[in-house]
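Residue-level structure breakdown
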Amino acid sequence: MTASVCSLEKFSRFLSLSVSVTSLTAWLLAAPLAAQVSVATFPTGIGPRGVAVGDFDQDGDLDVVASNYDYPSFVGGVTILKNNGTGTLNTSQQISNLFDKPFSVAVGDVDGDGDLDIITGDYEFYSLASLATVFKNDGTGTFTQAGTFNTGGKPWVIALGDIDKDGDLDLVSANPGPDTVSVIKNDGTGSFGSPQVLTVDKDPRSVALGDVDNDGDLDIVSANQRTGTISVLKNSGTGSFGTPQNFAVDKDAFSVALGDLDKDGDLDVAVSTSYSFPDGNTVTVLKNNGSGTFSSPQLFPTQTGSGIVLLGDLNLDRNLDAVTANGVGTISVLLNKGSGSFKPALNFSNGGTQPFSAVLGDVDNDGDLDVITGNYGSNTVSVIKNPRN
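Predicted model only: the values in this text are computed from it and were never measured. (Residues numbered from 1 in each chain as written. Predicted model: local features only at pLDDT ≥ 70, side-chain atom pairs only at ≥ 80, totals over all residues. Heavy atoms only, no water.)

Examining the overall build of the protein
Convention followed: Helix and strand assignments come from DSSP, with helices taken as H or I runs of at least 4 residues and strands as E runs of at least 2, each series counted from the N terminus. Exposed residues in this analysis have more than 50% of their type's maximum accessible area, buried residues have under 20%, and partly exposed residues fall in between, with area computed by a 1.4 Å probe over protein chains only. Here a residue-residue contact requires only that any non-hydrogen atoms of the pair lie within 4.5 Å. With residues, only the protein chains shown are counted as cover, and all accessible areas are computed by Shrake-Rupley using a 1.4 Å probe.
Regarding its fold elements, the protein presents 3 helices and 29 strands. Each of the 389 residues in the protein was classed as buried or not, and the buried ones make up 61%. Taking contacts inside the protein between residues at least 6 apart in sequence as the whole, the part at least 24 apart equals 50%. When the accessible area of the protein is evaluated, it comes to approximately 13500 Å², of which 53% is carbon and sulfur surface.

Notes on the side chain of Asp55
Condition: His is not counted here, nor are the chain ends, while Lys and Arg score as positive and Asp and Glu score as negative. By definition here, a salt bridge exists when the distance from a side-chain nitrogen of Lys or Arg to a carboxyl oxygen of Asp or Glu is within 4 Å. Pairs of N or O atoms within 3.5 Å make up the polar contacts considered here, provided that, within protein, one atom can donate a hydrogen while the other can accept it, and that residues adjacent in sequence are counted only when both atoms are side-chain atoms.
Here Asp55 is to be found in the loop between strand 3 (48–54) and strand 4 (63–70). Within the buried set, Asp55 has no salt-bridge partner at all; the shortest N-O distance to an opposite charge, 8.6 Å, is to Lys82. Side-chain polar atoms of Asp55 contact the backbone nitrogen of Gly60, separated by 2.8 Å. Ignoring anything within four residues of it in the chain, the contact list for Asp55 reads Gly60, Asp61, Leu62, Asp63 and Leu116.

Regarding the pattern of salt bridges
When the charged atoms of two side chains lie near each other, side chains of opposite charge can form a pair. Overall, the coordinates contain 2 salt bridges when judged by the stated rule. Note that Asp179 and Lys202 form a salt bridge whose closest N and O atoms lie 3.5 Å from each other. Here Asp179 is found in the loop between strand 12 (170–175) and strand 13 (180–184), whereas its partner Lys202 is found in the loop between strand 14 (196–199) and strand 15 (204–210), with 23 residues between them in sequence. Of the residues examined, Lys202 reaches a relative accessible area of 38% and is grouped as partly exposed. Put simply, Asp203 and Arg205 hold a salt bridge, and the shortest N to O gap is 3.2 Å. Judged by relative accessible area, which is 7%, Asp203 ranks as buried.

Looking at the nonpolar core
As a reminder, the rule being used: Throughout this description, the term nonpolar core refers to a set of buried Ala, Val, Leu, Ile, Met, Phe, Trp, Tyr and Cys residues connected via side-chain atoms within 4.5 Å.
Residues Val172, Val207 and Ile220 are the most contacted members of the largest nonpolar core, which totals 22 residues. Broken down by secondary-structure element, the contributors of at least two residues to this core are strand 11 (157–161), strand 12, strand 13 and strand 15. In contact with Ile220, other than residues within four places in its own chain, are Val172, Val181, Val183, Val207, Ala208, Leu209, Ser231, Val232, Leu233 and Phe241. Counting residues in hydrophobic clusters, the runner-up holds 16 residues, among them Val249, Ala253, Val256 and Val269.

A look at the confidence of the model for the protein
Note the following rule: The pLDDT score gives, residue by residue, the confidence of the prediction method on a 0 to 100 scale.
Looking at the protein, pLDDT values average 88 and 87% of them are 70 or higher. Confidence over residues 1–35 falls short of pLDDT 50; this stretch has 83 contacts with residues more than four positions distant or in other chains.

Points about the environment of Val53
Mapped onto the elements of the fold, Val53 is located in strand 3. Sequence separation of Val53 and Leu116 is 63 residues, and the distance between their C-alpha atoms is 9.9 Å. With residues near it in sequence (within four places) discarded, Val53 still touches Leu62, Asp63, Val64, Val107, Val359, Leu360 and Ile372.

Notes on the sheet that holds strand 3
Short version of the rule: For two strands to count as paired, DSSP must find a minimum of two bridges between them. In this description, a line fitted to the C-alpha atoms serves as the axis of each element, helices being fitted only across the stretch in contact, and the angle between N-to-C directions of two axes falls anywhere from 0 to 180 degrees.
The antiparallel open sheet is built from 4 strands, whose spatial order is 3-4-5-6. Edge positions in the sheet fall to strand 3 and strand 6 (89–96), since each of these pairs with one other strand and no more. The mean inter-strand angle of the sheet, taken between neighbouring strand axes irrespective of direction, is 20°. Examined bridge by bridge, strand 3 and strand 4 share 6 bridges and lie antiparallel to one another. Note that in strand 4 the partner of Ala52 across the bridge is Val65.

As for the sheet that holds strand 7 (residues 102–108)
With antiparallel pairing, the 4 strands of this open sheet are ordered in space as 7-8-9-10. This sheet does not close on itself; its edge strands, each paired only once, are strand 7 and strand 10 (143–150). The mean angle between the axes of side-by-side strands here comes to 25°, regardless of whether they run parallel or antiparallel. Here strand 8 (residues 117–122) pairs with strand 9 (residues 131–137) via 5 bridges, running antiparallel. Considered in strand 9, the bridge of Thr120 is made with Thr133.

Points about the packing of aromatic side chains
Rule in force here: Think of it this way: a Phe, Tyr or Trp ring, Trp meaning its six-membered ring, pairs with another when their centres are within 6.5 Å, and the plane angle makes it stacked under 30 degrees, edge-to-face over 60, tilted otherwise.
As enumerated under the stated definition, the model contains 11 aromatic pairs in all. Between Phe56 and Phe143, the ring centres sit 5.3 Å apart and the planes meet at 90°, which makes this aromatic pair edge-to-face. Taken together, the residues span a long stretch of sequence, with Phe56 in the loop between strand 3 and strand 4 and Phe143 in strand 10 at a distance of 87 residues. The class for Phe56 is buried, based on a relative accessible area of 0%. Ring plane angle 50° and centroid distance 6.3 Å describe the contact between Phe356 and Tyr376, whose orientation is recorded as tilted.

Considering the pairing of strand 13
Burial of strand 13 is extensive: 5 of the 5 residues sit out of reach of the surface. Residues Thr180, Ser182 and Ile184 line one face of strand 13 and the alternating positions Val181 and Val183 line the opposite face, and both faces are buried. Pairing of strand 12 with strand 13 involves 5 bridges; the strand directions are antiparallel. From the neighbouring strand, Asn175 faces strand 13, where its bridge partner is Thr180. From the end of strand 12 to the start of strand 13, which pair antiparallel, there are 4 residues, and Asp179 there has a positive phi angle of about 60°. Of the strand pairs in this sheet, strand 13 and strand 14 are connected by 4 bridges, and their pairing is antiparallel. Its bridge partner being in strand 14, Val183 is matched across the sheet by Gln196.

Some words on unusual backbone geometry
Of note, Gln58 is a non-glycine position whose phi angle comes to about 55°, a positive value. Residue placement: Gln58 occurs in the loop between strand 3 and strand 4. Here Gln58 falls in the partly exposed class, since its relative accessible area comes to 47%. Phi angles above zero are rare outside glycine, and Asp203 is one such case at about 70°. Within the secondary structure, Asp203 sits in the loop between strand 14 and strand 15.

Here it is as structure tokens:
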């Protein structure tokens, strides 16, 4: 899985991105699928479960990190792949044989020294350990393991954001075993305190951070697989949370993303169904009523095994589109009509096997968002370049 840094300022800048419009649809319909997109794969360690991007070496392009955990061999590691500026990736560092098994990964400057660090959520199937690991950047994109801390539950997915508004990045984890979400506050140096453990609905597999009730702080939304719901935890303003509100989605709710899909000034919810359904997978949209409550779900079909869902403006029309990584070895692209509903999915091979995680980023520096997947079944990451340019 993947997770990304979220702060109100950065999130607002992302959502208000304004660029001249060029239609991706024309590209997609102009040629056979195999000719439309450039796909390249790059080796990782065994079993990449999570993937994230960031400019680790501060050279102006997005590099990639994969968190690797193979089951049942129990081999764990982290792979750093540096970008040559055109979207070609080369392994620069392999941290292998980690005792704590890195399952998910997030990127952010947790120690406040001006470069991007890495945190992994360590999910060991047959261990009771509830840990996350910090890898600090020396400023050149070389990382050193800097310690572990307790997450209060085995973390499936982690996310970073300034929960208590003190200027540093805190950590939130989704813990499916105990049906909880944990909030772990940063002391500003990249050291994390005791977890605040919050009960949500059954089997949370993903968390997203955003100000869903428009009160100026980051709230938490979890996707809960077993009950097919999302749980909304509203922030008091100090990084404490009350009782969650649960909203029905569709089948297994596996991954969640937040964005203003209908451009009415508040954050809506997009949820993907999970790998466990052989057919009928969807992206499900719940529109925000403006106060952090949500309307009835709208369903948009994807391909089999849709796992991760991502939101971003792929065709530069100022609307947030949706992307899913699908267990059958594809990605689905759903273009937003502008009102928060989507056109039928366009499906593309991702060049790998069992994409378990995905992230969006402009890896080739051409001004549009590309898709990067972590392919658990083929021990690779894929870069699927946006055909807009």
